[in-house]
Amino acid sequence: MTDTFAQDVLNGLTAENKYLSSKYFYDDNGSRIFQEIMNMPEYYLTNAEFEILSMQSKQIIEALKFSGPFNIVELGAGDGFKTFKLLEHLVNHDVDFHYIPIDISQEAVYILTKNLKERLPNLKVHPKVGDYFEILKDNRTSDYPSLLLFLGGNIGNYQEDRAKELLQLFHDHMKLGDKLLIGFDIKKNPVIIHNAYYDKHGITKRFNLNLLLRISRELEADFKIDDFDFYCHYNPITGDVKSYIVSLRKQAVEIKALNTTIHFDYNELIWTELSKKYSLDEISNLAEATNFKLTTNFLDCKHYFTDSLWEK
């Protein structure tokens, strides 16, 4: 990971328009800060999706129309907080299924599995650590149909071409009749979205600046955090939330592990994250463009979020 991290940091900070990949937010400290973000009253995404999976588990399972045993394969399972209600419903109703959580973090998978075994001892859980697509290869040879879960609005972190590429890869690793339940944050009042990302508590700022601390620690850089700020912008027409780190002065940062010095201009930006919001029409078009059939959009009561059920 460190070699890839180093190369990605070098590529991003030497580009004409500087950028850093949001996938590197989640070191141990970044993951803890993100838990704080999810607990903010303004950050509606977690509660909206939790409501869907808590209140509509029965409807989701009925919509699958699987007649026998099946797999639930969760891509990027994390702590499994939201998925628990769906799993609990299935276990309590004696549904025959296997749960396969996939995550790149060994620690996350270990903690998730331990918690599930304590809370749902009858659950058949087969945790996997590693790359989605290496592990999904097994899905094509499974005797059972599968429901893939890609929750949390993660698809919004991908630009359009990359989102289509990712969804096409999911499609390629699924069997005919397999389903995909995918989370989308929906376009809404721009003020609600702005407040969720440009929070008054400064937690999202800490989350972004922690990435500079990680580079300093792992790649021996001398970033001075007080010389950087955070900014984000929501475009309600395109649905894009873009987040940036802002250099507050003209400065040079040495990164010893890369044997380089990065120069920042006054008010220069580092783009850190895209979080796209979708209309229901855009979701339908995306499904069609990647050869899926959209079955149902499961919405929370405020219509802030949808878990959209697609079929191959």
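Right above here is the structure, for reference.
Let me sum up the structure you'll find in this document. Worth saying up front: this structure is predicted, and the values here are computed from it rather than measured. (Residues numbered from 1 in each chain as written. Predicted model: local features only at pLDDT ≥ 70, side-chain atom pairs only at ≥ 80, totals over all residues. Heavy atoms only, no water.)

## Some details on helix 2 (residues 28-38)
Among all positions of helix 2, only G30, I33, F34, I37 and M38 are buried. When helix 2 is viewed along its axis, its buried side chains cluster within an angular range of 150° and face the same direction. Structural note: helix 2 exposes D28 and R32 on the side pointing more than 90 degrees away from its buried face. The elements touched by buried residues of helix 2 are helix 3 (44-55) and helix 10 (203-219). (Buried < 20%, exposed > 50% of the residue type's maximum accessible area, 1.4 Å probe, protein only. Helix = DSSP H or I, 4+ residues; strand = E, 2+ residues; numbered from the N terminus. Arc of directions from axis to C-beta. Contact = heavy atoms within 4.5 Å.)

## Section: the sheet that holds strand 7 (residues 240-247)
Reading across from one edge, 6-7-10 is the order of the three strands in this open sheet, with antiparallel pairing throughout. Of all strands in the sheet, those with a lone pairing partner are strand 6 (228-235) and strand 10 (269-276), marking the two edges. Each neighbouring strand pair of the sheet contributes to a mean axis angle of 20°, computed without reference to strand direction. For strand 7 and strand 10, the ladder comprises seven bridges, and the chain directions are antiparallel. Directly across from K242, in strand 10, lies its bridge partner L274. Running at roughly 160° to strand 6, helix 9 (residues 190-197) makes contact with strand 6, strand 7 and strand 10 of the sheet. (Pairing = 2+ DSSP bridges. Axes fitted to C-alpha atoms, helices over the stretch in contact; angles between N-to-C directions.)

## Focus on helix 9
Taken residue by residue, helix 9 has I193, A196 and Y197 as its buried positions. Looking down the long axis of helix 9, one finds its buried residues gathered within 85° of arc, a one-sided arrangement. Against the buried residues of helix 9 lie helix 3, strand 5 (179-185), helix 10, strand 6, strand 7 and strand 10. The N-cap residue of helix 9 is N189: its side-chain oxygen and the backbone nitrogen of V191 are 2.9 Å apart. (Polar contact = N/O pair within 3.5 Å; in protein donor to acceptor, adjacent residues only side chain to side chain.)

## Observations concerning the packing of aromatic side chains
Inspection of every chain in the model, using the stated rule, returns 20 aromatic pairs. Between F34 and Y43, the ring centres sit 6.2 Å apart and the planes meet at 80°, which makes this aromatic pair edge-to-face. Accessibility expressed as a relative area gives 19% for F34, which makes it buried. Here the aromatic cluster, defined as three or more aromatic residues joined through ring pairs, consists of F25, Y26, F34, Y43, Y197 and F207. One residue, R214, lies across the ring of F5, its end atom 4.4 Å from the ring centre. (Phe/Tyr/Trp six-rings, centres within 6.5 Å; stacked < 30°, edge-to-face > 60°. Lys NZ or Arg CZ within 6 Å of the ring centre and 35° of its normal.)

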